[in-house]
Amino acid sequence: RISFGGTQAVSRAATTASESRSLHRFANPARFMRAADLVYPWALAGLVVSLAAGLYLALFASPADYQQGETVRIMYIHVPAAWMALFVYASMAAGSASYLIWRHPLGVIT
């Protein structure tokens, strides 16, 4: 809404533009799956490249610690894996809650 000295006018173009940029349009399962099918190959390629680069940097390019030696490199694998496990549990809880509360079909996808 745009206010001009006490009167209110609704800008239809601004409302339509904000709705088109909103993520609420992906609440439709068919629209979400179409978008996910388009993004999936690119995300998978980015994952493979990032994983290969990260493993190389963590296991081969990083120097050994002066006290722990080569055993410090387990931290480069263990800590991200622990964080990812916590994220998976949290996202499963959020998806399950959204399905149980609102019965939204996208809650089952997680």
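Structure first, text after, so check above.
Calculation criteria
- Residues numbered from 1 in each chain as written.
- Predicted model: local features only at pLDDT ≥ 70, side-chain atom pairs only at ≥ 80, totals over all residues.
- Heavy atoms only, no water.
- Helix = DSSP H or I, 4+ residues; strand = E, 2+ residues; numbered from the N terminus.
- Buried < 20%, exposed > 50% of the residue type's maximum accessible area, 1.4 Å probe, protein only.
- Contact = heavy atoms within 4.5 Å.
- Areas by Shrake-Rupley, 256 points an atom, 1.4 Å probe, with all protein chains shown as cover.
- Salt bridge = Lys/Arg side-chain N within 4 Å of Asp/Glu carboxyl O.
- Phe/Tyr/Trp six-rings, centres within 6.5 Å; stacked < 30°, edge-to-face > 60°.
- 1 Å grid on protein atoms, 1.4 Å probe; cavity = no way out; pocket = protein on both sides within 12 Å on 5 of 7 lines; lining within 4 Å.
- Points joined across faces, edges and corners; volume = space filled by probe spheres on them.
- Nonpolar A, V, L, I, M, F, W, Y, C, P; charged D, E, K, R; others polar.
- Polar contact = N/O pair within 3.5 Å; in protein donor to acceptor, adjacent residues only side chain to side chain.
- Bend = angle between axes of the 7 residues up to and from the residue.
- Expected span 1.5 Å × (residues − 1).

Participant: Would you explain the overall build of the chain in this entry?
Facilitator: Counting its regular elements, the chain contains 3 helices and 2 strands. Buried residues in the chain amount to 7% of all 110 residues. Put simply, 22% of the contacts in the chain that link residues at least 6 apart link residues at least 24 apart. Accessible area for the chain stands at about 9,300 Å²; split by element, carbon and sulfur atoms hold 70% of it.

Participant: Quick question: what am I supposed to make of the pattern of salt bridges here?
Facilitator: Close approach of charged atoms lets side chains of opposite charge pair. Evaluation of the coordinates by the stated rule reveals 1 salt bridge. Residue R73 is joined to E70 by a salt bridge in which the shortest nitrogen-to-oxygen separation is 3.0 Å.

Participant: I keep staring at the packing of aromatic side chains and nothing clicks. Help me out?
Facilitator: The description of an aromatic ring pair uses the distance of the two centres, along with the angle that the planes make with each other. Applying the stated criterion across every chain yields a total of 1 aromatic pair. Ring geometry for Y56 against F60: centres 6.1 Å apart, planes inclined by 35°, an arrangement best described as tilted. With Y56 and F60 both in helix α2 (residues 29-61), this residue pair falls 4 residues apart, about one helical turn.

Participant: I tried to follow the layout of surface pockets on my own but got confused; where do I start?
Facilitator: One way to see where empty space is left: roll a probe the size of a water molecule over the atoms. Of the voids in this model, the largest pocket is the one considered here, and its volume is about 220 Å³. Forming the walls of the largest pocket are S50, L51, G54, L55, A58, Y76, I77, P80, A81 and M84. Among the elements of the structure, α2 and α3 (74-102) are those that each provide at least two residues to the lining of the largest pocket. A breakdown of the residues in the lining of the largest pocket according to their chemical character gives 8 nonpolar, 2 polar and no charged.

Participant: Please clarify how the side chain of R73 should be interpreted in this entry.
Facilitator: As for its position among the elements, R73 is in the loop between α2 and α3. Among the polar contacts listed, one links the side chain of R73 to the side chain of E70, at a separation of 3.0 Å. Contact partners of R73, with chain neighbours within four places excluded, come to A58, L59, S62, P63 and A64.

Participant: So what exactly am I meant to see when it comes to α2 here?
Facilitator: Every α-helix carries 3.6 residues per turn, so stepping three or four residues along brings you back to the same face. Of all the bends in α2, the greatest, near 35°, is centred on V39, and the proline P41 appears no more than four residues after it. Between a side-chain oxygen at the N-terminus of α2 and the backbone nitrogen of A30 the separation is 3.2 Å; the capping residue is N28.

Participant: I tried to follow α3 on my own but got confused; where do I start?
Facilitator: With 29 residues, α3 should cover 42 Å at 1.5 Å per step; its first-to-last C-alpha distance of 42 Å lies within 8% of that length. Immediately downstream of α3, the backbone of R103 shows phi near 55°, a positive value.

Participant: How should I be thinking about the environment of I77 in this particular structure?
Facilitator: Relative to the helices and strands, I77 resides in helix α3. With near-sequence residues (within four places) excluded, I77 lies in contact with L55 and L59.

Function-wise, these values are silent; they only describe arrangement.
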